[in-house]
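Read off the chains here:
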Number of protein chains: 2
Amino acid sequence: MLKRKLLVIGIGAGNPDHVTIEAVEAMNRASVFFIPDKGDEKTELASLRRTILERFMRHDSYRIVPFSVPKRNRSDAYERDVDEWHAAIEEMHETLIAHELGEDETGAFLVWGDPMLYDSTLRIIDRIAAGGKIALDYAVIPGITSLQVLAARHRIVLNAIGRPVTITTGRRLAEDLPGSAGSVAVMLDGQNAYGDVDEDMDIWWGAYLGMPDEILVSGRLADVADEIREKRESARRDKGWIMDSYILKRRERDDPG
Amino acid sequence: MLKRKLLVIGIGAGNPDHVTIEAVEAMNRASVFFIPDKGDEKTELASLRRTILERFMRHDSYRIVPFSVPKRNRSDAYERDVDEWHAAIEEMHETLIAHELGEDETGAFLVWGDPMLYDSTLRIIDRIAAGGKIALDYAVIPGITSLQVLAARHRIVLNAIGRPVTITTGRRLAEDLPGSAGSVAVMLDGQNAYGDVDEDMDIWWGAYLGMPDEILVSGRLADVADEIREKRESARRDKGWIMDSYILKRRERDDPG
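Not measured: the values here are computed from a predicted model. (Residues numbered from 1 in each chain as written. Chains lettered and ligands numbered in written order. Predicted model: local features only at pLDDT ≥ 70, side-chain atom pairs only at ≥ 80, totals over all residues. Heavy atoms only, no water.)

**Re the overall build of chain A**
Along chain A, the regular secondary structure elements total seven helices and 10 strands. In terms of overall size, chain A behaves like a compact globule, its C-alpha atoms giving a radius of gyration of 20 Å where 257 residues would be expected to give roughly 18 Å. A total of 257 residues make up chain A; the buried ones form 57% of that total. Across chain A, every contact between residues at least 6 apart in sequence was considered, and the portion connecting residues at least 24 apart equals 72%. Here chain A has roughly 11400 Å² of accessible surface; of this, 45% comes from carbon and sulfur atoms. (Helix = DSSP H or I, 4+ residues; strand = E, 2+ residues; numbered from the N terminus. Rg over C-alpha atoms; globule rule 2.2 N^0.38 Å. Buried < 20%, exposed > 50% of the residue type's maximum accessible area, 1.4 Å probe, protein only. Contact = heavy atoms within 4.5 Å. Areas by Shrake-Rupley, 256 points an atom, 1.4 Å probe, with all protein chains shown as cover.)

**Digging into the nonpolar core**
Among the nonpolar cores identified, the biggest contains 92 residues, and Ile9(A), Met27(A), Ile9(B) and Met27(B) are the most heavily contacted of them. Beyond its immediate sequence surroundings of up to four residues, Ile9(B) is in contact with Ala23(B), Ala26(B), Met27(B), Ala108(B), Phe109(B), Leu110(B), Val111(B), Pro115(B) and Ile141(B). Residues Ala151(A), Ile167(A), Trp204(B) and Ile247(B) belong to the second largest nonpolar core, which totals 36 residues. (Core = buried A, V, L, I, M, F, W, Y, C linked by side-chain atoms within 4.5 Å.)

**Regarding empty space enclosed by the protein**
In the structure shown here, the tally under the stated rule is one cavity of 30 Å³ or more. Taken as a whole, the largest cavity holds about 110 Å³ of empty space. Taken together, 14 residues make up the lining of the largest cavity; nearest its centre are Met116(A), Thr145(A), Ile167(A), Met116(B) and Ile167(B). Elements with a contribution of two residues or more to the lining of the largest cavity: α5 (146–154) of chain A together with α5 (146–154) of chain B. Split by residue class, the lining of the largest cavity holds 10 nonpolar, four polar and no charged. (1 Å grid on protein atoms, 1.4 Å probe; cavity = no way out; pocket = protein on both sides within 12 Å on 5 of 7 lines; lining within 4 Å. Points joined across faces, edges and corners; volume = space filled by probe spheres on them. Nonpolar A, V, L, I, M, F, W, Y, C, P; charged D, E, K, R; others polar.)

**Some points on the sheet that holds strand β7 (residues 183–187) of chain A**
Whether parallel or antiparallel, the strands of a sheet pair through hydrogen bonds between backbone atoms. One open sheet holds the 10 strands; their spatial order is β9(A)-β8(A)-β10(A)-β7(A)-β6(A)-β6(B)-β7(B)-β10(B)-β8(B)-β9(B), and the pairing between them is mixed. Two strands bound the open sheet, and with one partner strand each, they are β9 (215–220) of chain A together with β9 (215–220) of chain B. Averaged over neighbouring strand pairs, the angle between their axes works out to 15° when direction is ignored. Summarising the sheet, strand β8 (residues 201–207) of chain B and strand β10 (residues 244–250) of chain B pair through seven bridges and their orientation is antiparallel. Bridge pairing in β10(B) links Asp202(B) to Lys249(B). Taken strand by strand, α5(A) contacts β6 (165–169), β7, β8 (201–207), β9 and β10 (244–250) of chain A, and its axis lies near 65° from that of β10(A). On top of the sheet, α5(B) reaches β6 (165–169), β7 (183–187), β8, β9 and β10 of chain B; it is set at about 65° to β10(B), its chief contact. (Pairing = 2+ DSSP bridges. Axes fitted to C-alpha atoms, helices over the stretch in contact; angles between N-to-C directions.)

Here it is in structure tokens:
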């Protein structure tokens, strides 16, 4: 059985300049791009994928195969919802690849940020490959995550010297913060979880990182939490969507000011 | 007072293809590159920085200013050693910038991986800027870290679904592992700290990631720890240096096999 070739390419946090040379070369090896165009994804982000292709493809012999992402159920059972959601999109992806990608072709998924962090594409492809119905040969190209752009724009180092960093979600922040010995970076926070933190910390927050509408706020959490909440809500209202992340560090006791 | 412009550019984990378009554009705005050429840095890595410049610079009107990095004292007091080491290189950098970078020029530091993670360049520049002896205007460009290349080469997602990830050092692993609720990624482990982990975990290890001598090993920690130690020691002996990192995840109780 011939193996269909798939590339899972990290394309950065929203600014086409985040793309690596390796990602550009990988894109140019592909002839079929699977691009979500309905469902969860915001229109502005969907069109950005096409902008990236138009900018970096050196040949015209490729086609875009749009697909709709099934909606995730949002009950209280987060992990079960995600499992069921993955099963639905696994089946959809399997059908998509079998029907739309020739056995001698190379297909590609363009993933925001890095496929290694809070993205389901690799798990889906892994399960399809393990399922054995279609033979897949796939490779992964890393990309710049929004946390990296956040740290760069604030010009900070994530870790205190020799100390650990915990990356977590808004949902888990209350659970993961007390055990964390160093810095905490939070992605996927739709609930303003930073507002419930009652430790004395500094925060570096950013939205639409690397994009024209980028917003940055930093300072002592107790001082800037309201400002972040207001800017966050106002931007989400104006644009219809928001992608943001932040870094928290405990203030040292002898920290002046 | 005119502000000297500095760029702190992440250049990825050792493969020039990891460089982003943003990093290439940033390099081309600089006319002075400060490159460490003695001291701690391995010769192969030092020459890689020059290879990257030769490949990506579109003009010849730049110069390379080599400098020697002071050695870090290696006593039992790790944080004090690092503090003293930073003070020494801060002074050296201040002198270097004052003498070698004109007030109308843009200088650049090329940092392995991403300046946000276990790198001292930003702290040094921050302290120089705060010191006020020379006025600096600086920006940071994120780069692909070795952890990202590691995850990509093993084709894995760092986090379990909705779960946190802790990034730490070999030195801190014994301390940070028990509290970590999800995956642990370890950088800067010169002591084979994975060998002291007695929990049932899976490991994904890699050395010289993205480079021609890349080595990858993965499996159940108890099964592959010896293989990793042997490959690690043998490669370090042969090449004279090693850069490696790994990811640990607890095995699920119902995990088959």
